[in-house]
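Each chain is listed here by its residues.
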Amino acid sequence: MTPRLLALLLAIAVLTGALAASAGAANPEPPAATTSAATEITLNGATLNATVDPQGAATTYRFEYGTSDSYGLATAEKDAGSGDNPVKVSVPVTGLTSDTTYHLRIVATNAAGITRSSDRTFRTLPTARAPAVSTSSAGSVKANTTTLRGSLDPRSQKTTYRFEFGLTKSYGATTPDGSAEGSGSRTVTAPITGLTPYTTYHYRLVATNATGTTRGGDRSFRTLRAPTSITLGATANPITWGDKVTLTGQVLGSGVGGTSVAVQRSDFPFARGFWVPKSFSVKSDGRFTTTVGPLWETTRLQLVTRSTNVATSPIAQIAVRVRVGVRRSSAGRRGVILAGAIRPAVPQARVSVQRRTLAGVWVRIAGARVTALPGNRSRYRILARRARRASEVRVVVLPNDGGAHDAGISRTLQLRRR
C-alpha cells in the first residue's frame, strides 16, 4: 500500500467517527428512572429518593406525590446532569398530613422524551397518643391459676403494660410490667397463680407510654371448684326389696360448697354399667344427705362431682333382702300353719322357720321349698310345732339366686305353748 493510499483511508475513518458522534448527540435515548423508598419520614414530612440515568443527554427530574396515584403535587425541576451512569437523587418534602399514606414517583426528562417510574407509597407517622387497650376474656381458668389477656396498640411509642386484678373493682394486685413497641394491635397476656378456688376475680389491662396511661374496661372470671374426694355412707344396708337407701357424706376439697353431684347406679348383675338416676347439690360445707331407690336387687352406688375437676366416692354395694310376708293359722293344740308371699319371685329359695331360745339364739325348727305365684312372687306354707313354753318364731328365706338378693326375714310372731 502506497503512502498516499494509506493517508486517504485514515482520513475516511476519522470522518466516519465524527459523523457517528454527531448522529448520537443529535438522537439521545430517554432517561431511565427508578423510585426508591422514602426516608426520614416524620409526622409532616419525608425525603423522596430515586435513581436517574441521563443516558448521556442533559436531563431534569421532579417527584410527583399525593394521597392517591393521581398525585397532584410535584417538587421543583432539578438537574440530573448528562452523564452515562445512574445517579442517586433526593428531595425533602414538608407540609404532609400525619398518619396518612402517600403515593410518589420520579419523572425524568431529556431531549429524547419523558420517563415516569412505577408508583410507590409511604405513610407519615401518627400523632403521638396514649396507647390503646382492650381487656379480653381470661384464658385457661383453673382452680388456682389463669392467664389474663388483652389487646394493646403502643401507637409507635415505647409502652409498658400490666394487669390489675383482685376480688373487687378496686383490684389491689398487679402482674409484672411487660413492654411493647411499634404500631398496630397485638395480644398481650400474663399468667397469675395462687388464686382461691370458686371465687370471682375482677381484672383490667393498663398501659402507659410517654403521652399518657390508658385503662381497659373491667372484666371478671370465676375460678373452678377443687374437689378432691367424696366420703360416702349408706343406711340401712342391707335394705328390704323395694325400699330406698339413704346416702350421707361430704365432698372434700376447696370451693366445694354448692357442688353438683351425680349418683351413679349399677344393678345386679352389673352388666349394664353405671347410669345416673339423680343429681343434687351439696351444702355450703360440702355435706349431703340424699335417698336413692327403690332398689330391687343388689346395687352398686358411686357419687361423682359434676365439675371440671372431678372427684369420686368409693363404690358402695347395697344388699337387698327379699321381702317375706307371714300369717298364721291354727293347726290344732300342737301346731300352727305359717304361710306367706315372697317378693320377688325366687324359685330356688329355701324357707326355714326359726325359734328364739332362752339364750336369745335363733334355731331352725322346720323348712320347706317355695311355689310360684303370679306377679313376680313366690309363696310358702310350713307347719310349725308349738313348744312347751311360749316362744317367738320367724320365717327366713334364702333366695339362692346367685347374689341378686340377700336372705329375707319375716316379722316375729308370738306362739303360745302347747
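Look a little higher up for the structure.
My aim in this report is to walk through the structure given alongside it, one point at a time. Being a predicted model, the structure only gives us computed values, none of them experimental.

## Concerning the packing of aromatic side chains
One pass over the full model with this rule turns up seven aromatic pairs. Between Tyr201 and Phe221 the ring centres are 5.6 Å apart and the planes differ by 15 degrees, which places this aromatic pair in the stacked class. Taken together, the positions of Tyr201 in strand β16 (residues 200-208) and Phe221 in strand β18 (residues 219-222) put the pair 20 residues apart, joining distant regions of the chain. The buried category is assigned to Tyr201, whose relative accessible area is 7%. On the basis of relative accessibility, which here comes to 8%, the residue Phe221 falls in the buried class. Connected via pairs of aromatic rings, a cluster forms that spans Tyr201, Tyr203 and Phe221. The ring of Trp362 is capped by Arg394, whose NZ or CZ atom sits 4.2 Å from the centre of that ring.

## Observations regarding the pairing of strand β31 (residues 350-356)
The buried fraction of β31 amounts to five of the seven residues, a majority that puts the element mostly inside the structure. Here β31 runs beside strand β32 (residues 362-369); their pairing, made up of seven bridges, is antiparallel. Bridge assignment links Arg355 to a residue of β32, and that residue is Val363. The turn linking β31 back onto β32 is made up of five residues, and Gly360 within it adopts a positive phi angle of 90 degrees. Pairing geometry for β31 and strand β35 (residues 391-398), over six bridges, is antiparallel. Across the sheet, the residue bridging to Ser352 is Val396, located in β35.

## A closer look at the sheet that holds strand β15 (residues 186-192)
Across the sheet, which stays open at both edges, the three strands sit in the order β10-β11-β15 with antiparallel pairing between neighbours. The two strands at the open ends of the sheet, each matched to only one other strand, are β10 (132-135) and β15. Neighbour to neighbour, the strand axes of the sheet diverge by 25 degrees on average, direction disregarded. Pairing of β10 with strand β11 (residues 146-153) involves four bridges; the strand directions are antiparallel. Residue pairing for β11: Ser134 is matched across the bridge by Ser151.

## Quick word on the pattern of salt bridges
Within this structure, the stated rule accounts for ten salt bridges. Close ionic contact of Arg105 with Glu64 constitutes a salt bridge, the shortest N to O distance being 2.8 Å. Of this pair, Arg105 sits in strand β7 (residues 101-110) while Glu64 sits in strand β3 (residues 59-66); the two residues are 41 residues apart in sequence, bridging distant segments of the chain. The partner of Glu164 in a salt bridge is Arg204, with the nearest N and O atoms 2.8 Å apart. Linking Glu164 in strand β12 (residues 159-166) with Arg204 in strand β16, this pair joins segments that are 40 residues apart in sequence.

What counts and what doesn't
For every chain, the first residue of the written sequence is number 1, and numbering continues from 1 onward in sequence order. With pLDDT at 70 or above as the cut-off, local features in this predicted model cover only qualifying residues; side-chain atom pairs require 80 or more to be listed or tallied, and sums for whole chains, interfaces and linings still use all residues. Working from all heavy atoms in the structure, the side-chain values ignore hydrogens and water. Pairing of aromatic side chains here covers Phe, Tyr and the six-membered ring of Trp, requires ring centres within 6.5 Å, and sorts the geometry by plane angle: under 30 degrees stacked, over 60 edge-to-face, intermediate tilted. The way it works is that DSSP assigns letters per residue, a run of H or I at least four long becomes a helix, a run of E at least two long becomes a strand, and they are numbered from the N terminus. Under the scheme applied here, a residue whose accessible area is under 20% of the maximum for its type counts as buried, over 50% as exposed, and between as partly exposed, the area being computed with a 1.4 Å probe on protein chains only. The criterion for a charge sitting over a ring is simple: Lys NZ or Arg CZ within 6 Å of the ring centre, and within 35 degrees of the ring normal. Two strands qualify as a pair provided that DSSP identifies no fewer than 2 bridges between them. The angle between two axes is taken between their N-to-C directions and runs from 0 to 180 degrees, where each axis is a line fitted to C-alpha atoms and a helix contributes only its stretch in contact. Take a side-chain nitrogen of Lys or Arg and a carboxyl oxygen of Asp or Glu: if they are within 4 Å of each other, that pair is a salt bridge.

None of the figures reported here should be taken as evidence of function without further support.
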